[in-house]
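# Residue-level structural notes
As a plain string of letters, each chain reads:
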Amino acid sequence: MRAFQILIDGFAISALYALGATGFTLIFGVSGVLNLSHGAIMVAAAVAAWAAASILGVGTYAGALIGVGVALLTAFLTYFAVVKPIQDSRRIPNEEKEIFVLTGTLLWGIMIQELIAYFFTNNAKTVLPIVEGVVEILGVRTPKNEIFTAIVCCLVIGLLWLLVNRTRTGKAVLAASMNPRGVTLLGLELTNIYIVVWAIYGILAGIAGVLLGMFLGVSSYSVGPLTASAFSIVVLGGLGSVSGSLIAAFVVGYLETLTAYLVSPAYRTIPALLLLVFVMYIRPQGLLGRR
């Protein structure tokens with residue numbers, strides 16, 4: 001029974017990680033940006049959903065939509081206020097812009113984290129679940145919200161795949177990730193593609209953040225671990241590889257779940273980090289990354 005519980009819990013947390021890491025991978029694959037404010041955006045979405053539903057009393061569904069909207073707005077602010085000014089700056093040498101973007105998004109994430117702590121304290125907050133109750137599966141009592149979380153994450157990832165592979169906008173995004181210069185030669189504006197990608201990222205991060213708030217709860221202290229997990233998953237899977245990130249998300253999710261159950265929740269992130277170091281030693285480009 002315990003093994004089945006680990007299987008269910010691991011799948012739910014892995015699906016959440018996969019959803020968050022997919023957006024993280026997408027913006028790197030298209031625009032070359034490693035957004036170190038990722039965890040802060042997810043937490044901002046969860047806290048906004050919690051505040052809207054619990055304090056303002058707008059209802060669970062409206063609160064969730066507000067949370068996703070806050071993540072979308074924060075993602076746009078990250079791009080237009082932090083990333084784009086650095087990328088467009090003539091004072092910063094091109095070879096140094098990546099490190100400036102990394103530093104800028106890291107500091108931006110810290111600012112968001114401190115604002116959350118200032119206005120809403122550091123206490124953990126749990127978003128009111130959309131689906132309540134418990135269901136028994138093979139003798140294991142499982143919260144319906146946990147199953148709902150896994151299903152939504154899988155559906156959203158599936159919709160993203162359809163968007164990228166079956167729509168004109170998605171194909172433009174895919175082409176930009178392969179050859180940005182070629183896209184401009186075809187008459188497409190890269191800036192518009194970047195805006196679309198950051199919008200998709202904001203929605204994905206918002207949904208992942210709200211679901212995480214319903215499933216496990218969040219606090220301002222969650223910012224660092226969430227960013228670290230996403231970074232580890234993306235590097236482990238291979239920078240820019242969505243398929244690699246999906247595989248790595250399930251590997252990391254189940255490793256963390258096993259560690260939490262069999263050792264201690266306090267050490268749940270350590271095995272995944274050790275695995276990352278090992279993979280980087282034998283295969284620096286990650287599981288499915290390009291050389």
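Worth saying up front: this structure is predicted, and the values here are computed from it rather than measured. (Residues numbered from 1 in each chain as written. Predicted model: local features only at pLDDT ≥ 70, side-chain atom pairs only at ≥ 80, totals over all residues. Heavy atoms only, no water.)

## Some remarks on the overall build of the protein chain
- Scanning the protein chain from N- to C-terminus turns up eleven helices and two strands.
- Its C-alpha radius of gyration of 19 Å places the protein chain within 12% of the 19 Å reference for a compact globule of 291 residues.
- Dimensions of the protein chain, computed from C-alpha atoms along their principal axes, come out at roughly 60 × 50 × 35 Å.
- Looking at the 291 residues of the protein chain, the share that counts as buried comes to 49%.
- A total accessible area of about 14300 Å² is found for the protein chain, and carbon and sulfur atoms account for 68% of it.
- In the protein chain, which carries 16 positive and 11 negative side-chain charges, the distance between the mean positions of the two groups comes to 8 Å. (Helix = DSSP H or I, 4+ residues; strand = E, 2+ residues; numbered from the N terminus. Rg over C-alpha atoms; globule rule 2.2 N^0.38 Å. Buried < 20%, exposed > 50% of the residue type's maximum accessible area, 1.4 Å probe, protein only. Areas by Shrake-Rupley, 256 points an atom, 1.4 Å probe, with all protein chains shown as cover. Lys, Arg positive; Asp, Glu negative; His and termini not counted. Charge placed at Lys NZ, Arg CZ, Asp CG, Glu CD.)

## Brief notes about the pattern of salt bridges
- Summed over all chains, the structure comprises two salt bridges.
- Its salt-bridge partner being lysine 84, residue aspartate 88 comes within 2.7 Å of it at the nearest N-O pair. Here aspartate 88 pairs with lysine 84, and both are found in helix 3 (residues 60-88), just four residues apart, close to one helical turn.
- Judged by relative accessible area, which is 48%, aspartate 88 ranks as partly exposed.
- One salt bridge in this structure joins glutamate 256 and arginine 268, with 3.6 Å as the shortest N-O distance. Of this pair, glutamate 256 sits in helix 10 (residues 242-262) while arginine 268 sits in the loop between helix 10 and helix 11 (270-282); the two residues are twelve residues apart in sequence, bridging distant segments of the chain.
- For arginine 268, a relative accessible area of 23% gives the class partly exposed. (Salt bridge = Lys/Arg side-chain N within 4 Å of Asp/Glu carboxyl O.)

## Let's talk about the packing of aromatic side chains
- Summed over all chains, the structure comprises seven aromatic pairs.
- Their ring planes at 50° and their centres at 5.5 Å tell us that phenylalanine 11 and phenylalanine 250 sit as a pair that is tilted. Placement of the pair is phenylalanine 11 in helix 1 (residues 2-31) and phenylalanine 250 in helix 10, with a sequence separation of 239 residues.
- The side chain of lysine 125 reaches across the aromatic face of tryptophan 50, ending 5.4 Å from its centre. (Phe/Tyr/Trp six-rings, centres within 6.5 Å; stacked < 30°, edge-to-face > 60°. Lys NZ or Arg CZ within 6 Å of the ring centre and 35° of its normal.)

## Examining the nonpolar core
- Within the largest apolar cluster, 78 residues are counted, with the highest numbers of intra-cluster contacts made by Leu19, Ile193 and Trp198.
- Leaving out residues up to four positions away in the same chain, tryptophan 198 has contacts with Ile27, Ser31, Val33, Asn35, Ala75, Thr78, Tyr79 and Val83. (Core = buried A, V, L, I, M, F, W, Y, C linked by side-chain atoms within 4.5 Å. Contact = heavy atoms within 4.5 Å.)

## Description of the packing of helix 5 (residues 144-166) against helix 6 (residues 168-178)
- The interhelical angle for the contact between helix 5 and helix 6, taken along N-to-C directions, is 80°, at an axis separation of 5 Å. Relative to helix 6, the element helix 5 is oriented roughly perpendicular. Taking contact as the criterion, the partners of Leu163, Val164, Asn165 and Arg166 in helix 5 are, on helix 6, Arg168, Gly170, Lys171 and Leu174.
- For the contact of helix 5 with helix 6, the per-class residue count stands at three nonpolar, two polar and three charged. (Axes fitted to C-alpha atoms, helices over the stretch in contact; angles between N-to-C directions. Parallel < 35°, antiparallel > 145°, perpendicular 65-115°, else oblique. Nonpolar A, V, L, I, M, F, W, Y, C, P; charged D, E, K, R; others polar.)

## Some details on a nonpolar patch on the surface
- A cluster of nonpolar residues, Leu258, Leu262, Val263, Tyr267, Ile270 and Leu274, forms a patch on the protein surface that exposes about 600 Å² of accessible area.
- Going through the elements one at a time, helix 10 and helix 11 are the ones with two or more residues in the nonpolar patch.
- Mapping leucine 262 onto the fold places it in helix 10.
- Classification of leucine 262 as exposed rests on a relative accessible area of 57%. (Patch = residues over 30% accessible without salt bridge, like charges linked within 9 Å, V, L, I, M, F, W, Y side chains within 5 Å.)

## Quick word on the pairing of strand 2 (residues 140-143)
- Of the two faces of strand 2, the one lined by Val140 and Thr142 is fully buried and the one lined by Arg141 and Pro143 carries no buried residue.
- Bridge count between strand 1 (residues 134-137) and strand 2: four bridges; the pairing is antiparallel. Its bridge partner being in strand 2, isoleucine 137 is matched across the sheet by valine 140.
- The hairpin formed by strand 1 and strand 2 contains two residues between the paired strands, and leucine 138 there has a positive phi angle of roughly 50°. (Pairing = 2+ DSSP bridges.)

## Some words on the UniProt feature "transmembrane region" (unreviewed entry) in the protein chain
- According to UniProt, the positions carrying the feature "transmembrane region" (unreviewed entry) are residues 12-34, 40-58, 65-87, 99-120, 147-164, 193-218, 230-255 and 261-282.
- Helix makes up 84% of residues 40-58 and strand 0%, and the two end C-alpha atoms of the span are 23 Å apart.
- End C-alpha atoms of residues 147-164 are separated by 26 Å, and the span's content is 100% helix alongside 0% strand. (UniProt positions renumbered as here; feature names shortened; annotations may be inferred.)

## Structural notes on the packing of helix 1 against helix 6
- The geometry of helix 1 relative to helix 6 is characterised by a closest axis approach of 6 Å and an angle of 60° between their N-to-C directions. For the pair formed by helix 1 and helix 6, the contact residues are Leu26, Gly29 and Val30 on the first element and Val173, Ala176 and Ser177 on the second.
- Classifying every residue of the contact of helix 1 with helix 6 by side-chain character gives four nonpolar, two polar and no charged.

## So, helix 10
- For helix 10, spanning 21 residues, the distance from its first C-alpha to its last is 30 Å, which sits close to the expected 30 Å at 1.5 Å a residue.
- Buried residues of helix 10: Gly244, Ser245, Ala248, Ala249, Val252, Gly253, Glu256, Thr257, Thr259 and Ala260, and no others.
- Buried residues along helix 10 sit in contact with helix 1, helix 9 (223-237) and helix 11.
- If you check the start of helix 10, you find a side-chain oxygen 3.0 Å away from the backbone N of glycine 244, and it comes from serine 241. (Expected span 1.5 Å × (residues − 1). Polar contact = N/O pair within 3.5 Å; in protein donor to acceptor, adjacent residues only side chain to side chain.)

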